[in-house]
Amino acid sequence: MTLVQPSSRLDRLSDASGGLFVYGTLQFAAVLEALLGRVPAHILASAPGWRAAALEGRVYPGLVAAPGTAAAGLLLTDLTDQEWTLLDSFEDNRYDLREVSLSTGDHGLAYIWPDGEVRPEDWDRAEFESLHLQAYAARCARIGPKLAAGEPKGE
């Protein structure tokens, strides 16, 4: 009997025709520019049944199931294969990459946060922008070239 190994996150990127739904730091042009060198084409979208939760000890959010709510974000629609790989390397290894239904009627892949360290409140986009965006984008500008070269993001 042959056991089938579970797919890795990267295996799912080959089916990424719907785009990437971003709901946290990747909504900011400064972060995308720092990582990718450009801001990909995108449309406003939300993910019904999900929320962008504040996470304990982190400035970025996690997408968690939340019936009756919807996480606001963007659907990045024209990522290259290299950009998908770079963004996957950028994301915390704890995230699971899964398809979600969007308010636009489309589907997109999104990084879903597992259990643990989820705070009861939603992530505050305005607070992140005023307190953390500048330093976060600078960090992304330092690690973006490493990720593009296939190196780990450690600083």
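Residues numbered from 1 in each chain as written. Predicted model: local features only at pLDDT ≥ 70, side-chain atom pairs only at ≥ 80, totals over all residues. Heavy atoms only, no water.

Side note on the overall build of the protein
Which entries qualify depends on this criterion: Strands are runs of DSSP state E lasting at least 2 residues, helices are runs of H or I lasting at least 4, and numbering of each runs from the N terminus. We call a residue buried when its accessible area falls under 20% of the maximum for its residue type, exposed when it is over 50%, and partly exposed in between, using a 1.4 Å probe and counting protein chains only. Any two residues having at least one pair of non-hydrogen atoms within 4.5 Å are treated as being in contact. Shrake-Rupley sampling with a 1.4 Å probe provides the accessible areas, and residues are treated as covered by the protein chains on show and by no other component.
Of regular secondary structure, the protein possesses five helices and six strands. When the helices and strands of the protein are read in sequence order from the N terminus, they spell out α-β-α-β-β-α-β-β-β-α-α. Across the 155 residues that make up the protein, the buried fraction comes to 43%. Taking the contacts inside the protein whose residues are at least 6 apart along the sequence as the reference set, 72% of them involve residues at least 24 apart. For the protein, the exposed area adds up to about 8,300 Å²; of that, 52% sits on carbon and sulfur atoms.

Some remarks on the confidence of the model for the protein
Convention followed: What pLDDT expresses is the predictor's confidence in each residue, scored from 0 to 100.
For the protein, per-residue confidence averages 90 on the pLDDT scale, and residues scoring 70 or more make up 88% of the total. Counting contacts from residues 1-7, a segment whose pLDDT is below 50, to residues more than four positions away or on other chains yields one contact.

Some details on the packing of helix α2 (residues 29-36) against helix α5 (residues 133-148)
To be explicit about the condition: For every element, the axis is a line fit to its C-alpha atoms; helices are fit only across the contacting stretch, and the angle between N-to-C directions ranges from 0 to 180 degrees. Throughout this description, any angle smaller than 35 degrees is read as roughly parallel, any larger than 145 degrees as roughly antiparallel, any in the 65 to 115 degree range as roughly perpendicular, and the remainder as oblique. Note on convention: the crossing is left-handed when the near helix lies turned anticlockwise from the far helix by less than a right angle, right-handed when the turn is clockwise. In this count, Pro and Cys sit with the nonpolar residues alongside Ala, Val, Leu, Ile, Met, Phe, Trp and Tyr, while Asp, Glu, Lys and Arg are called charged and the others, Gly among them, polar.
Interhelical geometry of α2 versus α5 gives an angle of 20° and a closest axis separation of 7 Å. When the axis of α2 is compared with that of α5, the two are roughly parallel. In terms of crossing hand, the pair formed by α2 and α5 is right-handed. Judged by residue contacts, A30, V31, A34 and L35 of α2 engage L133, Y136, A137, C140, A141, I143, G144 and L147 from α5. Class assignment for the residues of the contact of α2 with α5 results in 11 nonpolar, one polar and no charged.

Brief notes about the pairing of strand β5 (residues 107-112)
Regular strands have side chains that alternate between both faces of the sheet. Worth spelling out the cut-off: Only when DSSP finds a minimum of two bridges between them are two strands counted as paired.
For β5, the tally of buried residues reaches five of six residues, placing the bulk of the element in the interior. Two elements, strand β4 (residues 96-101) and β5, share six bridges in a ladder whose sense is antiparallel. Its bridge partner being in β5, V100 is matched across the sheet by G108. Where β4 hands over to β5, the hairpin turn is made up of five residues, of which G105 adopts a positive phi near 90°.

Some points on the nonpolar core
This is how it is decided: To form a nonpolar core, buried Ala, Val, Leu, Ile, Met, Phe, Trp, Tyr and Cys residues must be joined to one another through side-chain atoms within 4.5 Å.
One finds F21 and L35 to be the most contacted residues of the largest nonpolar core, which totals 45 residues. Residue assignment for this core shows that the elements contributing at least two residues are β1 (20-22), α2, β2 (42-55), β3 (62-76), α3 (81-90), β4, β5 and α5.

Focus: unusual backbone geometry
With a phi angle near 65°, E117 is a residue other than glycine that sits in the positive phi range. As for its position among the elements, E117 is in the loop between β5 and β6 (118-122).

A short note on the layout of surface pockets
Heads up, the condition is: Of the grid points, spaced at 1 Å and generated over the protein atoms alone, those admitting a 1.4 Å probe that cannot get out make up cavities, while open sets with protein on both sides within 12 Å along at least five of seven lines make up pockets; any residue with an atom within 4 Å of a point is treated as lining. Grid points are joined across faces, edges and corners, and a volume is the space filled by probe spheres set on the points.
Space inside the largest pocket adds up to approximately 240 Å³. Around the largest pocket sit 16 residues that line it, and Y60, F90, E91, Y95 and Y136 are the ones nearest its centre. When contributions to the lining of the largest pocket are tallied by element, the ones reaching two or more residues are β1 and α5. Here the residues of the lining of the largest pocket are counted per class, giving 10 nonpolar, two polar and four charged. In this model, the second largest pocket occupies a volume close to 190 Å³. Considering the residues around the second largest pocket, the lining is formed by 14 residues, among which A54, R58, V59, W123 and E127 are closest to the centre. Elements supplying a minimum of two residues to the lining of the second largest pocket: β2, β6 and α4 (125-131). Of the residues belonging to the lining of the second largest pocket, the class tally is six nonpolar, two polar and six charged.

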